[in-house]
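Residue-level structure breakdown
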Amino acid sequence: MTGRKIIPLHPAPDPGRRRFLQWMGASLALAGAACGPPREEIHPYVKSPRDLVPGQPAFYASTLLRQGYGLGVLVECNMGRPTKIEGNPAHPASLGGSDPFMQAAVLDVWDPDRSNTPWRDGQIATWEAARSFLAERAAALAARGGAGLRVLTGSMTSPTLIAQWRSLQRRFPAARRHCYEPLHDDGGREAARLAFGRPLDLVARLDRAEVVLCVGADPLGEGPARAAHARQFAQLRRRTDRPSRLHVVDVAATLTGANADRRISLAPAAAERLLWRVAAALGIAGGAAPPGDAWESGVADELRRHRGAGLVLTGRCLSPATRALAHRMNEVLGNAGRTADVIAPVEFEPQPHVESLAGLCEDMRAGRVDTLLILGGNPAYDAPADAGFADAMAAVRHVVHAGLYRDETALLAAWHLPLAHELEYWGDGRAFDGTLSVVQPTMQPLYGGRSPRAILAMLDAGAPVSDYDAVRQALGMHAPRGGEAEEAAWRRALREGVVAGSAAAPLALRATRSIAPPEWEEAPLTVVFTPDPSAGDGSHANNAWLQELPRPLTSIVWDNAALLAPATARSLGVGNGDVAEIAVGGRSVLAPVWLLPGQAEGTVALPLGYGRTAAGRVGNGIGFDAYRVKSAGFAAPGSLRRTGEGHALVQRQPETSMEGRPLARRVSVDAAGRREPVERKAPAESLYPDYDYPVYAWAMSIDLNACIGCGACTVACQAENNIPVVGKEEVGRGRAMHWIRIDRWFDDARPEGPMQFQPVPCMQCENAPCEAVCPVGATVHDSEGINVQVYNRCIGTRYCSNNCPYKVRRFNFLQYSNTEVESLKALQNPEVTVRRRGVMEKCNYCLQRITRARIAAEEAGRRIADGEVVTACEAACPTRAIVFGDLNTPGSRVNAAKDSPLDYAMLGELNTRPRTTYVARVVEGESK
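Residues numbered from 1 in each chain as written. Predicted model: local features only at pLDDT ≥ 70, side-chain atom pairs only at ≥ 80, totals over all residues. Heavy atoms only, no water.

Another aspect to go through is the confidence of the model for the protein chain. Counting all residues, the mean pLDDT for the protein chain is 88, and 91% of those residues have values of 70 or more. With pLDDT under 50 throughout, residues 1–15 is counted as low confidence; its partners more than four residues away or in other chains account for 46 contacts. Segment residues 18–34 is flagged for pLDDT under 50; beyond a separation of four residues in sequence, or across chains, it makes 26 contacts in the model. (pLDDT = per-residue confidence, 0-100. Contact = heavy atoms within 4.5 Å.)

You can see Ala93 is positioned in the loop between β3 (81–87) and α2 (100–110). Distance in space between the C-alpha atoms of Ala93 and Asp207 is 14 Å, their sequence separation being 114 residues. Look past the residues within four positions of Ala93 in its chain and what remains in contact with it is Gly70, Leu71, Pro224, Ala227, Ala228, Ala431 and Phe432. (Helix = DSSP H or I, 4+ residues; strand = E, 2+ residues; numbered from the N terminus.)

What follows deals with the nonpolar core. If you look at the biggest cluster of nonpolar residues, it comprises 106 residues, and the most contacted ones within it are Ile85, Trp110, Trp545, Trp698, Tyr806, Tyr845 and Tyr918. If one sorts the elements of this core by residue count, α2 sits on top with 8 residues. (Core = buried A, V, L, I, M, F, W, Y, C linked by side-chain atoms within 4.5 Å. Buried < 20%, exposed > 50% of the residue type's maximum accessible area, 1.4 Å probe, protein only.)

In this section: the packing of helix α5 (residues 186–196) against helix α10 (residues 320–332). Contact geometry for α5 and α10: axes closest at 8 Å, N-to-C directions at 60°. As the angle between them shows, α5 and α10 are arranged oblique. α10 is crossed by α5, and the crossing has right-handed handedness. From α5, Gly187, Gly188, Glu190, Ala191, Ala192, Leu194, Ala195 and Phe196 reach across to α10, where they touch Pro320, Ala321, Arg323, Ala324 and His327. Here the contact of α5 with α10 is built from residues that sort into 8 nonpolar, 3 polar and 2 charged. (Axes fitted to C-alpha atoms, helices over the stretch in contact; angles between N-to-C directions. Parallel < 35°, antiparallel > 145°, perpendicular 65-115°, else oblique. Left-handed = near helix turned anticlockwise from the far one by under 90°. Nonpolar A, V, L, I, M, F, W, Y, C, P; charged D, E, K, R; others polar.)

Looking now at the sheet that holds strand β12 (residues 310–314). Spatially, β11-β10-β9-β12 is the arrangement adopted by the 4 strands of the open sheet, whose pairing is parallel. Where the open sheet ends on each side, the last strands, each with one partner, are β11 (262–265) and β12. Each neighbouring strand pair of the sheet contributes to a mean axis angle of 10°, computed without reference to strand direction. Note: strand β9 (residues 211–215) against strand β10 (residues 245–250), 5 bridges, orientation parallel. Its bridge partner lying in β10, Cys214 is registered against Val248. (Pairing = 2+ DSSP bridges.)

Once that is clear, we can look at the sheet that holds strand β36 (residues 882–886). Sheet strands pair by backbone hydrogen bonding; their relative direction is either parallel or antiparallel. Here 4 strands make up an open sheet; going across it, the order is β36-β29-β38-β37 and the pairing mixed. Two strands close off the open sheet at either side, each with one partner strand: β36 and β37 (903–904). With 4 bridges connecting them, strand β29 (residues 698–703) and strand β38 (residues 916–919) associate as parallel partners. The partner of Ile702 across the bridge, within β38, is Tyr918.

Of note, Asp121 is a non-glycine position whose phi angle comes to about 50°, a positive value. With respect to the helices and strands, the residue Asp121 is situated in the loop between β4 (119–120) and β5 (123–124). One non-glycine residue, Trp558, adopts positive backbone phi at about 55°. Looking at where Trp558 falls in the secondary structure, it is placed in the loop between β20 (556–557) and β21 (562–564). Under the relative-accessibility criterion, Trp558 is labelled buried at 0%.

What follows covers the pairing of β38. Residues Thr916 and Tyr918 point to one face of β38 and Thr917 and Val919 to the other, with burial holding for every one of them. Where β37 and β38 come together, 2 bridges link them in antiparallel fashion. By the bridge assignment for β38, Asp903 is matched with Val919.

It is worth spelling out the state of the cysteines at this point. Evaluation of the coordinates by the stated rule reveals 0 disulfides. Residue Cys214 stays outside any disulfide, its sulfur separated by 14 Å from that of Cys317, the closest cysteine. Looking at Cys214, the relative accessible area reads 0%, which means it is buried. For the unlinked cysteine Cys762, the closest cysteine sulfur is that of Cys843, found at 5.8 Å. (Disulfide = S-S within 2.5 Å.)

Let us now look at the pairing of strand β13 (residues 340–343). Neither face of β13 is left uncovered, since the one carrying Ala340 and Val342 and the one carrying Asp341 and Ile343 both have all their residues buried. Pairing geometry for strand β8 (residues 201–204) and β13, over 4 bridges, is antiparallel. Paired with Asp201 across the two strands is Ile343, which belongs to β13.

Okay, structure coming up:
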């Protein structure tokens, strides 16, 4: 395995005839009815202008679906083109924040590799032929009551889809629905059944928790509630006098563990034993061994002291019995109903996903399945290896696959139908806590796709109903019936993005059942399967923004790697880049190795979502496929053998040590309580003249207590400012183009402990070293304190980059921006120039957003209000770590942040006087 050149989203210079016709099909789709608003009336967000004004963006509240659960978003549209996504403050799954997947979703909409036509037996077909085929199959199946009809979906939370399925069940009473999500946590509901006697969902309230213990859990790094969890966590975390405490026991290095006050890493069996010992110290787990060290006793004491304000969370790699113990601990500690709520499952007809898929495979092999409709999944790629889904599917005569891409499953199916994206159809979905929201389209289907409900409706013989009418009918049960009241409720749901009062009510149940400790299996090496921070379960593999986003813990781009603790790697004789054969249950896969402090010794983490063969031009052939060795669970005993081969892995940031320099500063709790200043505020003498800012003086503050290193700000900046991707080879040459990067630093004394993350945009220096050396005045100060870049002056000397101590300036060495594919042209933000080769570019505080607010303020005859200008990175941040504003506005948020004694300037000793400063992180121990 060797490194490969990847220049994503650039068409080959000499396409074949087939590829040329595919491009032409995409262009015709764009030229037709695609680039326009939906046929039905859509309603802009409550704070946006009602009518579409040329040159002025409008915002619409909608919903993205992740693992079947709703995420509330606000979609910025420019003349009917969605170009940017933000979190909806009114939606419980985002609370105004976002994550990298949410920010990158707009690229998925415009992806030229999306499926754009039906296929039958490897040949292009038509929708009319597809409807005729499904009508014929429906008539034949109805004659025998639906026997032989199976539908495979993911987690279903949409009332509209649920109503559609119930309608089909009336026509096909013998039909069965199976469900499978590759990252679904079957063990969580089994644990609830052991603790409460019935399967339930846990809703964690991190904003109420003073002390949190996570064992194998990653609430900040994955799941449909990760943005909400991050915002809740930061509310108590940023208190300088009494920050909340986070203790993490990682079985694989996680983003939550990297942000912990104390992190230890253990193999799954050892992590389970630790939790039982902590429970024994609390008098909960009778017969368990007492705590093994002072740390375990200390955690037990903290949980005991914070009754009703503690929280114990567990992850999918632990046994259901141990996870049921966590419910019992929350009950005894008084956390149930306060920091830990249980609700009836949000998912429709909840069932173990792996068991449901296994049952489907068994029926397919036995010949009990005549027609299989796969609605949105890719099980031929991501099903457990021992399920043998692809082989079982070959025994089914009629297989219809619907998806965004003609993926691995589509290539094996007799029929493939293109699905529409969530921003292209009417629908609905529930959040992790049951809150209902509407999937409101912002444009007509770009590539002619259909909604999941519309495809399912092709099996129904009833009168056709539009998606719009079906959604309104499904939501009618949550609103007043008839007349103006119903219409007002509908419009309110569209404008605000949520259906008021639709969240599930917490259940007043007690976890009183006795739980026996499980039998722990010891293994020399445990293989742990984790979702990749950028590719997820594999459904995001063709997204170039995510592929180029450095992984938070490793900084690797355009690849995945088997992660090992340094001590484990030494014992196995492997190092960074060595290709190893990893075997699990008689199956094996070749994977490059990467050493990561914080990974549990005796474990190897295999990120899922790579090794795709039918993802698209961006995602094909990247990384290794961990699903090939994954069975039903997310942890299994395995072995690792070095092959003697190597593979080139590329990091965005190879450095992990600050080498004694105070870049990301830490302050002890005691020092913060005494309000000791971190840095001397008086500026040093300078040869530079002082600037005068009579109107506005823009500045930014970044709170290192709140930043969790998720990377949402990086992708948001990329979407807002038309920043191109450059590919693996160019990143390896140090030519990444991100305008804001997330530096991650290990503790030199304890590299296996928590990490420190630090967002680094342009510092907007008062004494800017870049300005003095530019021979053509391309980088200059403006009248409001922004270090602007005049692109049409730049001649590419790169003197400014050489003279920048923060290394935040980016140069277009090659023509990175794609200017040929039509759909990618429509993706661009029209307020920002698309830079060509040979110019320097960098952060400018989202100058276009400042200009937009200035025009609105001048029209109203007032000043720009505090908070009226929100930069892309600030808006995307799920923890509100970034604050932007005007220093000339008394009492502004940015002034309040900079008045903190914890405020400091990175490399302030250079006297560059940056406008972007930081709030030092408050930690236990000594200041650094």
